[in-house]
Amino acid sequence: MKRTLTLCALLVACVMLAGCENGGDPPTVSTSSSDPAIAGTRTAPSPLDSLLPADLEIHAFTGKQTFDSAGNPMGFEVRIKMLDADGDPVKAYGDYSFALYLKRPRSADPRGTRLDWWSEDLTEHADNQLHWDPISLTYKFNLRLKQSIAPGQELILDTFFVSPYTTRLHAERFITIAE
């Protein structure tokens, strides 16, 4: 059984990586439940389990980054703060995924066309440290856009975190590209 779960997790990880590379479509993600193949498949012993991330927050420092010659944003600097059960910032080893959508006005489902998708595997210590900012206690991701976005456009940034030790975590932020 343990071997089957490991093989399933490995297969899902390979499919996710293959689907997200080179502009491919990512797997469909649902914010209503955890990914049973990866999320929460292992249990950490007490009291270490209380140090694991329980919530994900898109930090206020998140915003557009570089500009092209016309003044349009070419990417975003996304800051993610991971919080334990007590609401304290913690480091979190796992997979971070980001989806950027056009916002559909006055709709029950505000997610319109998906503009881009990014995924970062921060399960290795060296990769995790590259993104960690000890001053703000956040993870910093520079997400480059494949296309320019016109000023005034409203967007939705979806962020997901998956780890074998936690349920899948999700946060979203509405962003308006300023004129």
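Scroll up to find the structure.
Just so you know, these numbers come straight off a predicted model, no measurement behind them. (Residues numbered from 1 in each chain as written. Predicted model: local features only at pLDDT ≥ 70, side-chain atom pairs only at ≥ 80, totals over all residues. Heavy atoms only, no water.)

**A closer look at the nonpolar core**
Next, step 1: Among the nonpolar cores identified, the biggest contains 27 residues, and Ile80, Met82, Tyr96, Phe98, Leu100 and Phe141 are the most heavily contacted of them.
Next, step 2: Counting only elements with at least two residues in this core, the list comes to β1 (55-58), β3 (75-83), β4 (95-103), β5 (111-121), β7 (138-144), β8 (154-162) and β9 (169-176).
Next, step 3: In terms of residue count, β3 provides more of this core than any other element does, 4 residues in total.
Next, step 4: For phenylalanine 98, the contacting residues outside a window of four places in its chain are Val78, Ile80, Asp116, Trp117, Trp118, Phe141, Leu143, Leu157, Asp158 and Thr159. (Core = buried A, V, L, I, M, F, W, Y, C linked by side-chain atoms within 4.5 Å. Buried < 20%, exposed > 50% of the residue type's maximum accessible area, 1.4 Å probe, protein only. Helix = DSSP H or I, 4+ residues; strand = E, 2+ residues; numbered from the N terminus. Contact = heavy atoms within 4.5 Å.)

**Looking at unusual backbone geometry**
Next, step 1: Positive phi, close to 50°, is recorded for arginine 106, a residue that is not glycine.
Next, step 2: Mapped onto the secondary structure, arginine 106 falls in the loop between β4 and β5.

**Thoughts on the side chain of aspartate 133**
Next, step 1: Mapping aspartate 133 onto the fold places it in strand β6 (residues 132-133).
Next, step 2: Aspartate 133 sits in the buried class, given a relative accessible area of 18%.
Next, step 3: Within the structure, aspartate 133 has its side chain in polar contact with the backbone nitrogen of isoleucine 135 (distance 3.2 Å).
Next, step 4: At 2.7 Å, the side chain of aspartate 133 and the side chain of serine 136 are in polar contact. (Polar contact = N/O pair within 3.5 Å; in protein donor to acceptor, adjacent residues only side chain to side chain.)

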